[in-house]
Amino acid sequence: MPEFSDTQPTYDLEALKHGDPAAFEALVRAESPRLFRFLLRFLEDEEDARNVMQEAFLQAFQRIDTFQGDARLTTWLYGIALNQARVLWRKNRRYETMDEADLDRLQPSFSRGMYAQRHRPWPPDVLAEREDLRQLVREAIDRLPDNYREVILLRDIEEFSTEEVARLLGLSEGAVRVRLHRARQALRALLSPHIEKGDV
Amino acid sequence: MKQWLQKWLGRKRLTCEEVNRFLAAYLDGALDARTQTAFEAHLQACSDCQAYLDQYRKTVELARRAAKVPEPPPELIEHTLAFLRARLSQQK
Ligand SMILES: [Zn+2]
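Residues numbered from 1 in each chain as written. Chains lettered and ligands numbered in written order. Predicted model: local features only at pLDDT ≥ 70, side-chain atom pairs only at ≥ 80, totals over all residues. Heavy atoms only, no water.

**Here's the deal with the overall build of chain B**
Helix and strand counts for chain B come out as six helices and zero strands. Start at the N end of chain B and walk to the C end: the helices and strands fall as α-α-α-α-α-α. By the burial criterion, 45% of the 92 residues in chain B qualify as buried. Long-range pairs, those at least 24 residues apart, make up 45% of the contacts in chain B between residues at least 6 apart in sequence. With the model as given, the accessible surface of chain B reaches about 5500 Å², and the carbon-plus-sulfur share is 53%. (Helix = DSSP H or I, 4+ residues; strand = E, 2+ residues; numbered from the N terminus. Buried < 20%, exposed > 50% of the residue type's maximum accessible area, 1.4 Å probe, protein only. Contact = heavy atoms within 4.5 Å. Areas by Shrake-Rupley, 256 points an atom, 1.4 Å probe, with all protein chains shown as cover.)

**Here's the deal with the pattern of salt bridges**
Residues and elements named next belong to chain A. Considering all chains together, one arrives at 31 salt bridges over all chains under this definition. For R138, the salt bridge goes to E44, with nearest N and O atoms at 3.1 Å. A residue pair is termed long-range when its members are at least 10 positions apart, and R138 in helix α6 (residues 131–143) and E44 in the loop between α2 (21–43) and α3 (46–62) qualify at 94 residues. Accessibility classification places R138 together with E44 in one group, the buried group. Between R184 and D156 there is a salt bridge, with the nearest N and O atoms lying 2.7 Å from each other. Separated by 28 residues along the polypeptide, R184 in helix α9 (residues 173–197) and D156 in helix α7 (residues 146–157) bring together distant segments of the chain. Note on R184: relative accessible area 5%, which makes it buried. (Salt bridge = Lys/Arg side-chain N within 4 Å of Asp/Glu carboxyl O.)

**Brief notes about the packing of helix α4 (residues 73–92) of chain A against α7(A)**
Residues and elements named next belong to chain A. Between α4 and α7, the shortest axis-to-axis distance is 12 Å and the interhelical angle comes to 130°. Classed by the angle they form, the pair α4 and α7 counts as oblique. With respect to the hand of their crossing, α4 and α7 are arranged in right-handed fashion. In contact with L82, R86, W89 and R90 of α4, α7 contributes D146, R149, E150 and L154. (Axes fitted to C-alpha atoms, helices over the stretch in contact; angles between N-to-C directions. Parallel < 35°, antiparallel > 145°, perpendicular 65-115°, else oblique. Left-handed = near helix turned anticlockwise from the far one by under 90°.)

**Here we look at the coordination of the zinc ion**
All names here are of chain B. Protein coordination of the zinc ion is provided by C16 (SG), H42 (NE2), C46 (SG) and C49 (SG), with donor distances spanning 2.0 to 2.3 Å. Of note is the zinc ion, whose four donor atoms meet at the metal with angles of 101 to 114° in an arrangement that counts as tetrahedral. We note that the donor set of the zinc ion lies within a single chain, spaced as C-x25-H-x3-C-x2-C. Residue C16 is found in helix α2 (residues 16–21), and its partner C46 is found in the loop between α4 (33–45) and α5 (47–66); the two are separated by 30 residues along the sequence. Like C46, C16 is buried. (Donors = N, O, S within 2.8 Å, 3.2 Å for Na, K, Ca; no water. Tetrahedral: all angles 85-135°; square planar, octahedral: opposite > 155°, others 65-115°.)

**Quick notes on unusual backbone geometry**
Residues and elements named next belong to chain A. Unusually for a residue other than glycine, R112 sits at a positive phi of about 45°. One can find R112 in the loop between β1 (110–111) and β2 (114–115). The class for R112 is exposed, based on a relative accessible area of 82%. The backbone of E159 shows a phi angle near 60°, a positive value even though the residue is not glycine. By the element assignment, E159 lies in the loop between α7 and α8 (162–169).

**Some thoughts on empty space enclosed by the protein**
On inspection of all chains with the given rule, the structure shows one cavity of 30 Å³ or more. Roughly 90 Å³ of internal volume is contained in the largest cavity. If you go around the largest cavity, the residues you meet are V126(A), L127(A), A128(A), E129(A), R130(A), L133(A), R134(A), V137(A), L62(B), R65(B) and A66(B). Tallied by class, residues from the lining of the largest cavity come to seven nonpolar, no polar and four charged. (1 Å grid on protein atoms, 1.4 Å probe; cavity = no way out; pocket = protein on both sides within 12 Å on 5 of 7 lines; lining within 4 Å. Points joined across faces, edges and corners; volume = space filled by probe spheres on them. Nonpolar A, V, L, I, M, F, W, Y, C, P; charged D, E, K, R; others polar.)

**Topic: α5(B)**
Look at α5(B): 28 Å from first C-alpha to last across 20 residues, which is about the 28 Å you get at 1.5 Å a residue. Counted residue by residue, α5(B) has 15 buried out of 20 residues, so it is predominantly covered. (Expected span 1.5 Å × (residues − 1).)

**Quick notes on the nonpolar core**
Grouped together as the largest cluster of nonpolar side chains are 75 residues, with contacts concentrated most on L35(A), L39(A), F57(A), L144(A), I152(A) and L62(B). Looking at this core, the element that brings in the most residues is α2(A), giving eleven residues. Formed jointly, this core draws a minimum of three residues from each of two domains, domain 1 (4–92) and domain 2 (100–197) of chain A. Setting aside anything within four residues of it in sequence, one finds F57(A) in contact with L27(A), V28(A), E31(A), S32(A), L35(A), L77(A), T80(B) and L84(B). Core analysis: the second largest hydrophobic core is formed by 17 residues, V19(B), A24(B), A25(B) and Y56(B) among them. (Core = buried A, V, L, I, M, F, W, Y, C linked by side-chain atoms within 4.5 Å. Domains from an automatic or database assignment.)

This is how it looks when you write it as structure tokens:
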């Protein structure tokens, strides 16, 4: 379940732009828990998540006058954090990641408009809490090329809207969906043999 | 059905491949009304696409569930504020 409320907090932008400490404090208090958890999911390390979050707030405060009112302040803040997290993730990468060609191979193939392979629904208990499957899914996500992993994290896990993800990544909504679709299909293909064999 | 006749009837038929291409937009509720109708009509008649959609949805759900992280430590906010105060006061 999303841990954050659907109602977007509104911040006193004027006060923020004037460097009002109380306004900044309110922003930190409201956004830290969710931003930290996002960064923890992204970086998979508490120390890294904390450091990136602190630096992101610092940068946000220093550059608040460059914030354009047409984006949501939280989206802007996440954009700053994401840029820093990306660099760190690349440096500390634990898995060898796939490339576009690998991803191509994981897309379903069609013959004359129909699926070349038959599919059967997955058993409902695949969603039961199982640590081995969770681990498998995590690894599969981490093996995706970075830009695909990011859309999965932002859209499916963090549950930003497609519009927000588009804004964050500087893409059109259509481009976000194309990337997301490829990433989901690759994940599905990676998980499918394990699920259908029933070994998880 | 002949293409012109389909057009004339204003109906749109989709192949499995097209249905597949629309999956993300469908789950976003972003298809236009005509495409949505055609999508759902195809889905209803095609067990392959139903099965694929089932796996696709479960993949999304599995990704979401795999990414559970613990609650942030209680001192997180105070530490962050302390860090920011220290750094911002250095700059003044
Ligand atoms: Zn079909």
